[in-house]
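# Coordinates in review
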Amino acid sequence: MKLAYLYVRVSTDEQKRKGYSLPEQEDRLLKYCKYYDIEVKGIYREDYSAKNFNRPEWNRLFSEIKKKSSGEDKNILFIKWDRFSRNVEYAYEMIGKLRRYKTIAKAIDQPIDFSVPESTVMLAVYLAVPEAENARRTQNTANGIRRAKLMGRYPSKAPLGFINLTSMDGKKGIAPKEPEAEIIKWAFYQVAKNDHKITEIMKIANDKGLICSRSHFFRILHNPVYCGLIPIKLESSEEQMVKGLHEPLIAESLFNQVQSVINTKRRTTAKRNDLQSLFFLRGFLTCPVCDQKLSGSISKRRSKKYPYYHCHYGCKTRIDAVFLNDCYQNKLQQLILSNNTIELFKNILEDQNIKTQKASYLYAQKVLDRKIKEEGVTLSRGRKLFIAGILKIDDYNELKKENQVSIKNLKKELRDIVVKLKNIDKKNQVEEKALVEIFQRFSEFDVSDQRHLVSLIPPTNIDFKTGALSLKLNQAFLKILSKKSNRKINRKNEFH
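Residues numbered from 1 in each chain as written. Predicted model: local features only at pLDDT ≥ 70, side-chain atom pairs only at ≥ 80, totals over all residues. Heavy atoms only, no water.

### Considering the pattern of salt bridges
Selection criterion: Put simply, a salt bridge is a Lys or Arg side-chain nitrogen that is within 4 Å of an Asp or Glu carboxyl oxygen. Strands here are runs of E lasting at least two residues and helices are runs of H or I lasting at least four, both read from the DSSP assignment and numbered beginning at the N terminus.
Counting across every chain of the model gives eleven salt bridges. Measuring nitrogen to oxygen at the nearest pair gives 3.3 Å for the salt bridge that ties Lys31 to Asp27. Here Lys31 and its partner Asp27 are both found in helix α1 (residues 22-35), four residues apart, which amounts to about one turn of the helix. When the shortest N-O distance is used, the salt bridge between Arg60 and Glu57 registers 2.7 Å. Of this pair, Arg60 and Glu57 both sit in helix α2 (residues 56-67), three residues apart, roughly one helical turn.

Shown next, in the form of structure tokens:
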């Protein structure tokens, strides 16, 4: 042997194991070449799995071998055969390719004399052992993941909207991650309504901050992990669902409803939905000339399109749809809840939701305070026993360590509770305006909700030239709604 290329390889799971680092392998190979007076033509360092030969550095080495195919024989040196390959089939195939280019692969710790026919038996052993190790490691990992899933834990990489966590006992699980979790929850509710195309919902979710592809979005909608279930494949190729220990983002009933929507033919189209949104007043407007119902359509002029409400009976009545929609929306947004209704709603919400939730958090706060004090008392007793010589130093240190970890976790939970209590108080202040001005977000309503609201509060006395109009309120709405200006006057009267 006069010249050789050195090949050193390590995979991610081997980097911390003694004797497998790239510098250690390289150092041993260089000493071997120096001892046997072998010229080193190149060193190729690989950080890649050996399950196949699709490796960056190996491809570079093989290309170099093909360029120098003529001339004297060449050698590739490595420490052991598991550095070369962990797959018997691919290894034999590569050995054959190297021979065609007058190159021999050699392991300095597991030498093979290819001139002796019986040596192929040892080569088979050297190559089969690492493949068996890989197979066993893969099987053990799969069994461990399966056992964890049967216990309700999700040890794999967390799906979008969750984050991987490791508990104090070393067990892995997942927990919701914001803001993705809230956006995914919103997406499930929108799909369940079956009012929009799924691709439209995906685009809005992307705008909200959910970064994923179209195929990934559909995998999210099909994934039962989001409703708290973990799928496990059985040996019979069937799938079993296990109730997970993680916090679900949606209810199981909502997940099943979404699956039903996905697996059935969509009943809406994007074009139809856009038209309904643009002409939500269609069917509620009458022609001032012939008293017929006005329709709506888009007029094309050169490169632009103009939406109009118009009459079909030759009277040429036509009005800008966007303009009239804005006039109706502005008029609607002048309506707010009356003072009596506001007080009633606030009392109901406070009684049903906020008071109950706040009481729950306050109770949890007291429990955590008590537990923190108990941990302090336990440490104090342990310290006294240690001073008295009853408790050994190792036992005391272990007690102190557990105590500190426990107090740290309890304080973290306590901080979370305090934040939630502050958010409740803040929510009461922030949402009062939204509670009063209930029509401010009319433009964000679904088309079906907009048209339903128009049917309840239709426009009347419309001036198609100026856009002036009135709203027809029935007796029930007159009792619970009022105009902004009226409410301001009432408040002034209350202060005077």
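### Thoughts on a negative patch on the surface
Short version of the rule: Here a patch means residues that are over 30% exposed by relative accessible area and free of salt bridges, tied together within 9 Å if like-charged and within 5 Å if nonpolar (Val, Leu, Ile, Met, Phe, Trp, Tyr). Areas reported here follow the Shrake-Rupley algorithm with a probe of radius 1.4 Å; residue values treat only the protein chains shown as occluding. Here the positive residues are Lys and Arg and the negative ones are Asp and Glu; neither His nor the chain ends is included. Charged side chains are reduced to one point each, which is NZ for Lys, CZ for Arg, CG for Asp and CD for Glu. The buried label goes to any residue with under 20% of its type's maximum accessible area, the exposed label to any with over 50%, and the partly exposed label to all in between, with areas taken from a 1.4 Å probe on protein chains only.
Together, Asp394, Asp395, Glu398 and Glu402 give the surface a local cluster of negative charge. Within the secondary structure, Asp394 is located in helix α13 (residues 393-436). The exposure class of Asp394 is exposed, given its relative accessible area of 58%.

### Concerning the side chain of Gln190
The criterion, for reference: Contacts are assigned to residue pairs that have any heavy atoms within 4.5 Å of one another.
By secondary structure assignment, the location of Gln190 is in helix α6 (residues 180-193). In contact with Gln190, not counting residues within four places along its chain, are His196, Ile201 and Asp446.

### Here's the deal with the packing of aromatic side chains
To be explicit about the condition: For Phe, Tyr and Trp, rings pair up if their centres lie within 6.5 Å, where Trp contributes its six-membered ring, and each pair is then called stacked (planes under 30 degrees apart), edge-to-face (over 60) or tilted (otherwise).
Following the criterion strictly, the structure yields 19 aromatic pairs and no others. Centre to centre, the rings of Phe386 and Tyr396 are 4.9 Å apart; their planes meet at 10°, and the pair counts as stacked. Of this pair, Phe386 sits in helix α12 (residues 339-387) while Tyr396 sits in helix α13; the two residues are ten residues apart in sequence, bridging distant segments of the chain. The partly exposed category is assigned to Phe386, whose relative accessible area is 31%. For Tyr396, a relative accessible area of 9% puts it in the buried group. Every member of this aromatic cluster is reached through a ring pair, and the members are Tyr7, Phe53, Trp58, Phe78, Trp81 and Phe84.

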